[in-house]
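Listed here are the chains, written in short residue letters.
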Amino acid sequence: MHRVRRPSTPIPTLAALAALFLLASCSAGVTLAVNPDGSGSLSVDARVPEAAAARLRSLASGGSVSPVSAPLVDPEAVRREAARRGLTAVSAESPGPDRFRGSFSVRSLAALAADPEIAGSGILRIAAADGVTSLSFGISRKNAESLPLLFPGLDPYLLEALSPPALDPYPVTAGEYREMLRALLGPAALAELEAAEIRVQVRAPGPVVRHSGGSISDRTLTAAIRLMDLLVLERPIEFSLAWR
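As the structure is a prediction and not an experimental result, all values here were calculated from the model.

Here the focus is the pairing of strand 7 (residues 197-203). Where strand 1 (residues 29-34) and strand 7 come together, 5 bridges link them in parallel fashion. Bridging across to strand 7, valine 30 finds its partner in valine 200. Note that strand 7 and strand 10 (residues 220-226) share 7 bridges and pair antiparallel. By the bridge assignment, isoleucine 198 is partnered in strand 10 with isoleucine 225.

Below you can see the structure in the form of structure tokens.
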């Protein structure tokens, strides 16, 4: 499989922290609650399925077999990278080697999105006009080079081993990629990864005036992002929410 460029500067935005856990089971969730003053709180709870975790752990650190007790996600690395972007880790822990759980506070979502690297990627955007504030997330083949930046705390060799077609200038099809993963990870782990998705929820502080890419209930946008869709990116992945 082809190799991807290893990132030098992870970006732990809402999108980054969400994508960090896209190896998680379908019960994984990321929730962003936006406050009226533009600050926010982010919570994450995710677990990597057993078969996939075992195969991915064997690929960590350049192919050397990691101890069964070694966490796939380094909580301290997540804390450091979050702090570098102005996020405060209220908690960040690995209750087990295949699970991560954390909560973070964000002083200003607008300031976070305006960071040059984040704004340049175009993945996360915050805008305000005429009393309406909007938040949008989007990743496609056009900005897919930012994909490796979305995994702070995760062993970089794992992303290289997965070799996402989204990062290849001559990508294979989704079907061909599944066959590659079947050979690399085995059928059991592949089945778990194909079922893996993350449930993203964004809670608005005021009445919702428009939304896309998910469903709305009680001022909360819920969107599901499938791991395979993100890695292949045959179609853009987008969602947005606007409120008064």
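Note: α-helices contain 3.6 residues per turn, so residues at a spacing of three or four share the same orientation. Every buried residue of helix 3 (residues 75-84) is listed here: Pro75, Ala77, Val78, Glu81 and Ala82. Taken down its axis, helix 3 places every buried residue within 155 degrees of arc, on the same side. What points out from helix 3, more than 90 degrees from its buried face, is the exposed set Arg80 and Ala83. Of the residues one or two after helix 3, glycine 86 is the one with positive phi, at around 90 degrees.

In this section: the side chain of threonine 31. Mapped onto the elements of the fold, threonine 31 is located in strand 1. If we ignore the near neighbours within four places in the chain, the residues touching threonine 31 are Ser41, Leu42, Ser43, Gln201 and Arg203.

Among soluble globular proteins, nonpolar side chains are generally buried collectively. Of all hydrophobic cores here, the largest spans 38 residues; its most connected members are Phe104 and Phe239. Element by element, the count of residues in this core is highest for strand 11 (residues 237-243), at 4 residues. In terms of nonpolar packing, the next biggest core, distinct from the first, is built from 18 residues, Leu162, Leu181, Ala189 and Val232 among them.

Below, the discussion takes up the pattern of salt bridges. One pass over the full model with this rule turns up 6 salt bridges. Arginine 79 is the partner of glutamate 76 in a salt bridge, and the nearest nitrogen-oxygen pair spans 3.7 Å. Placement of both glutamate 76 and arginine 79 in helix 3 is noted, with a separation of 3 residues, approximately one turn of the helix. Glutamate 76 gets classed as partly exposed once you look at its relative accessible area, which sits at 44%. The class for arginine 79 is partly exposed, based on a relative accessible area of 28%. A salt bridge links arginine 182 to glutamate 179, with the shortest nitrogen-to-oxygen separation between them at 3.7 Å. One end of the pair is arginine 182 and the other is glutamate 179, both in helix 7 (residues 174-185) and 3 residues apart, which spans about a single turn. According to the relative accessible area criterion, glutamate 179 is partly exposed, its value standing at 47%.

With that settled, consider the sheet that holds strand 6 (residues 132-139). Taken in spatial order, the 4 strands line up as 5-6-11-8 in an open sheet, and their pairing is antiparallel. Strand pairing shows two members of the sheet lacking a second neighbour, strand 5 (124-129) and strand 8 (208-212), which therefore form its edges. Averaged over all neighbouring strand pairs, the angle between strand axes comes to 10 degrees, with direction disregarded. As paired strands, strand 6 and strand 11 are joined by 7 bridges and run antiparallel to one another. When the sheet's bridge partners are listed, phenylalanine 137 is paired in strand 11 with phenylalanine 239.

Next up on the list: helix 8 (residues 187-195). Along helix 8, the residues that are buried comprise Ala189, Leu190 and Leu193. Each buried residue of helix 8 lies within a common arc of 100 degrees when the element is viewed along its axis, so the set occupies one face.

What follows is about the confidence of the model for the chain. Mean pLDDT for the chain: 79, with 77% of residues reaching 70 or above. Confidence, expressed as mean pLDDT per element, reaches its minimum in the chain at helix 1 (residues 14-20) with 41 and its maximum at strand 8 with 97. Here residues 1-26 scores under 50 on pLDDT; set against residues more than four positions off or in separate chains, the count is 104 contacts.

This next bit is on the packing of aromatic side chains. Inspection of every chain in the model, using the stated rule, returns 1 aromatic pair. Both rings, one in phenylalanine 137 and one in phenylalanine 239, keep their centres 5.1 Å apart while their planes meet at 25 degrees; by these two values the pair is stacked. Here phenylalanine 239 lies in strand 11 and phenylalanine 137 lies in strand 6, a separation of 102 residues in the sequence.

Rules used throughout
Sequence order as written defines residue numbering, which begins from 1 separately in each chain. Per-residue local features of the predicted model are confined to residues with pLDDT of at least 70, and side-chain atom pairs are confined, for both listing and counting, to 80 or more; whole-chain, interface and lining totals are unaffected and use all residues. Note: side-chain values were computed over all heavy atoms of the structure, leaving out hydrogens and water. Only when DSSP finds a minimum of two bridges between them are two strands counted as paired. Secondary structure counts use DSSP, requiring at least four H or I residues in a row for a helix and at least two E residues in a row for a strand, with both numbered from the N terminus. When accessible area is computed with a 1.4 Å probe and restricted to protein chains, residues below 20% of their type maximum are described as buried, those above 50% as exposed, and intermediate ones as partly exposed. The arc in question is the one traced by the directions running from the helix axis out to the C-beta atoms. The contact definition used throughout considers only heavy atoms, calling two residues in contact when any of these lie within 4.5 Å. By nonpolar core we mean a set of buried residues, namely Ala, Val, Leu, Ile, Met, Phe, Trp, Tyr and Cys, connected to one another through side-chain atoms within 4.5 Å. Any carboxyl oxygen of Asp or Glu that lies within 4 Å of a side-chain nitrogen of Lys or Arg is treated as forming a salt bridge with it. Geometry is summarised by axes, namely lines fitted to C-alpha atoms with helices restricted to the contacting stretch, and by angles between N-to-C directions that run from 0 to 180 degrees. On a range of 0 to 100, pLDDT expresses the predictor's confidence in each residue. In summary, the pairing rule links any two rings of Phe, Tyr or Trp, Trp by its six-membered ring, whose centres are within 6.5 Å, and it sorts them by plane angle into stacked for under 30 degrees, edge-to-face for over 60 and tilted for everything else.

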